[in-house]
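Structural description and commentary
The lines below spell out each chain.
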Amino acid sequence: MTSPTGCPVSRDAAAFDPFGASYQLDPAEALRWSREQEPVFFSPKLGYWVVSRYDEVKAVFRDNLTFSPAIALEKLTPAPPEAVKILESYGFAMRRTMVNEDEPDHMERRRLLMDAFLPENLEKHEAWVRELVRSYMDHFIDKGRADLVEEMFREIPMTVALRFLGVPSEDAKELRKFSVAHTLNTWGRPSPEQQLKIAEDVGQFWQTAQAILDRMRDEPTGEGWMYDSIRMHHQHPDVVPESYLRSMMMAILVAAHETTAFATTNAFRILLSNRASWNDICENPTLIPSAIEECLRAAGSVVAWRRIATEDADVGGVTIPKGGKLLLVQASANRDPRHFENPDEFDIYRHNSAEHFTFGYGAHQCMGKNIARMEMRIILDEFVRRLPHIHLVEDQAFEYLPNTSFRGPTSLWVKWDPEQNPERRNR
Ligand code: HEM
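Residues numbered from 1 in each chain as written. Predicted model: local features only at pLDDT ≥ 70, side-chain atom pairs only at ≥ 80, totals over all residues. Heavy atoms only, no water.

What follows covers the sheet that holds strand β8 (residues 325-328). In space, the five strands of this open sheet follow the order β1-β2-β8-β5-β3, with mixed pairing throughout. The open sheet is flanked by β1 (40-43) and β3 (67-68), the only strands paired with a single partner. The strands touched by helix α5 (residues 54-62) within the sheet are β1, β2 (48-51), β3, β5 (305-309) and β8, with β8 carrying the most contacts at an inclination of about 125°. (Pairing = 2+ DSSP bridges. Helix = DSSP H or I, 4+ residues; strand = E, 2+ residues; numbered from the N terminus. Contact = heavy atoms within 4.5 Å. Axes fitted to C-alpha atoms, helices over the stretch in contact; angles between N-to-C directions.)

Here's what the structure looks like:
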């Protein structure tokens, strides 16, 4: 078996399956062999060049001209004709947004729309995010047992995103369902039957996005990032075109929702599995921000991202032909011993955890990273104060949404003795 450049494909490369159990369970572990022996390889099962080491992943992220993000939201599993028909019936026509836009359009747009994401402009959201987190906790704090995904992690990031965007929250439940469909549609390997259901949901998502936008347009002074984008569209229609608004409405909900829900779930799982670290942040909550970076490094929620070569290019000594598609496996790069000492150890005192690639890197690095960090920080802060004595329920089975890129268990059960709740004890 040979790669598109005629080079032989190794046995491990031929066997690599991003939808197989070992990658789905632990992508970094599944690519240990690659980090050690073959950091850039062609995967015949995927039709992509896979990049697994830190320096090579960084080099590709850094050069977004040679390695275009244009395929970042391309469907990995092509839709069967029936699903295409369903999407057409909804007039589905997703265009470039931000994450998959090339230069110079991308940077012009990013600059115009960046303000609301800056840390100094996020401070005003802290108080209501904390209120929201506390109110969710109030529902289960006396129960002694909860699935944290079901009780709060799945809902909070969507609620926060909608409020940040200025979208009325009555649509939240429906939008969350659509957003999961969009993830499977883009990064999953759905069966032909699932494709039909997903196409329905994605089509409805597309129409809902337009309906919400139409409502928002009637309020020219509305507050929120989507309103800012509509105003920018009026001022700079060439930089923020009409087609962008609708596509972005869909894309950003996906960008903001599952990424953060999974990141929070993964963080709780890994912290509670490393009790000494959990106890440390309970005793000293100022450690939370650095603990979050280590969680994002060791158990990130976006584990792989895509680029396409715009010309023949070299990555780690391997020639990627023009048009070659690349899967950059951030989860693997985040465990590269060439960059992170003892990378398999979970260490909240690690000096360079924040150099992880879970938010990508370079010109397209996640615009919402500080929103995600804020949510995670506030959630952890409330837990270490109000429920420091929680434990993971033993022997629970973890399930994952089968896809290449978004990773986190679909449930996380914890238990505690409500009699020991500090607020009750200290009453
Ligand atoms: C882009 C991850 C949360 C909005 C990205 C990219 C990644 C990512 C990997 C692509 C980076 C690249 O191509 O170099 C994450 C993770 C999150 C998260 C792991 C949570 C833990 C959010 C939130 C928002 C958001 C909460 C918005 C409210 C965006 C946007 C882009 C982006 C707008 C496109 C930036 C550009 O192309 O210039 N994110 N994200 N993300 N993310 Fe996030």
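This part is about the pairing of β1. Where burial is concerned, the two faces of β1 agree: the one with Val40 and Phe42 and the one with Phe41 and Ser43 are both buried. With antiparallel pairing between neighbouring strands as the criterion, β1 and β2 make up a hairpin whose turn holds four residues, including Gly47 at a positive phi of roughly 75°. (Buried < 20%, exposed > 50% of the residue type's maximum accessible area, 1.4 Å probe, protein only.)

The next subject is the coordination of the iron atom of the ligand. Within the protein, just one atom coordinates the iron atom of the ligand: Cys366 (SG), at a distance of 2.3 Å. Here Cys366 lies in the loop between α18 (330-333) and α19 (369-386). (Donors = N, O, S within 2.8 Å, 3.2 Å for Na, K, Ca; no water.)

Our next topic: the site of the ligand. Near the ligand there are 29 residues, and of these His106, Arg110, Arg307, His364 and Cys366 occur at the shortest range. Within the backbone of Val99, one N or O atom sits 3.5 Å away from an oxygen atom of the ligand. Within the residue set of the shell around the ligand, elements represented by two or more residues are α7 (105-113), α15 (242-273), β5 and α19. Across the shell around the ligand, the residue classes break down as 17 nonpolar, ten polar and two charged. (Near = heavy atom within 4 Å. Polar contact = N/O pair within 3.5 Å; in protein donor to acceptor, adjacent residues only side chain to side chain. Nonpolar A, V, L, I, M, F, W, Y, C, P; charged D, E, K, R; others polar.)

All right, on to the packing of helix α13 (residues 192-217) against helix α14 (residues 225-235) then. Running from N to C, α13 and α14 cross one another at 75°; their axes reach a closest spacing of 11 Å. The angle between α13 and α14 falls in the class roughly perpendicular. Residue-level contacts link Leu213, Met216 and Arg217 of α13 to Met226, Tyr227 and Ile230 of α14. For the contact of α13 with α14, the per-class residue count stands at five nonpolar, no polar and one charged. (Parallel < 35°, antiparallel > 145°, perpendicular 65-115°, else oblique.)

What the rule picks out here adds up to 27 salt bridges. Residue Asp138 is joined to Arg386 by a salt bridge in which the shortest nitrogen-to-oxygen separation is 2.6 Å. One end of the pair, Asp138, is in helix α9 (residues 126-140); the other, Arg386, is in helix α19, with 248 residues separating them in the sequence. The class for Asp138 is partly exposed, based on a relative accessible area of 46%. For Lys143, the salt bridge is made with Glu151, and the minimal N-O distance between the two is 3.2 Å. (Salt bridge = Lys/Arg side-chain N within 4 Å of Asp/Glu carboxyl O.)

This part covers α14. Turning to α14, its buried residues number three or more, namely Trp225, Met226, Tyr227, Ser229, Ile230 and His233. On its buried face, α14 sits against α7, α11 (156-165), α13 and α15.

An order of β4-β10-β9 is seen for the three strands of this open sheet, with the pairing classed as antiparallel. Edge positions in the sheet fall to β4 (145-147) and β9 (391-392), since each has one partner strand and no second. Both β4 and strand β10 (residues 413-415) contribute to a ladder of three bridges, which runs antiparallel. Each residue of the ladder has a partner; that of Ala146, found in β10, is Val414.

Moving on, we get to the nonpolar core. Residues Met152, Trp225, Phe268, Trp278, Ile281 and Phe383 are the most contacted members of the largest nonpolar core, which totals 141 residues. Sort the elements by how many residues they give to this core and α15 lands first, with 16 residues. Among all residues touching Trp225, those that are not within four sequence positions of it are Leu113, Ala116, Phe117, Phe164, Leu165, Tyr244, Met248, Ile252 and Met367. (Core = buried A, V, L, I, M, F, W, Y, C linked by side-chain atoms within 4.5 Å.)

Here the residue pair Glu103 and Pro104 is connected by a cis peptide bond, since its omega of 0° sits within 30 degrees of zero. Position of Pro104 relative to the elements: it lies in the loop between α6 (81-89) and α7. At Asn342, a position not held by glycine, the phi torsion is positive, near 40°. With respect to the helices and strands, the residue Asn342 is situated in the loop between α18 and α19. Although it is not a glycine, Asp395 sits at a positive phi angle of roughly 55°. Inspection of the secondary structure puts Asp395 in the loop between β9 and β10.

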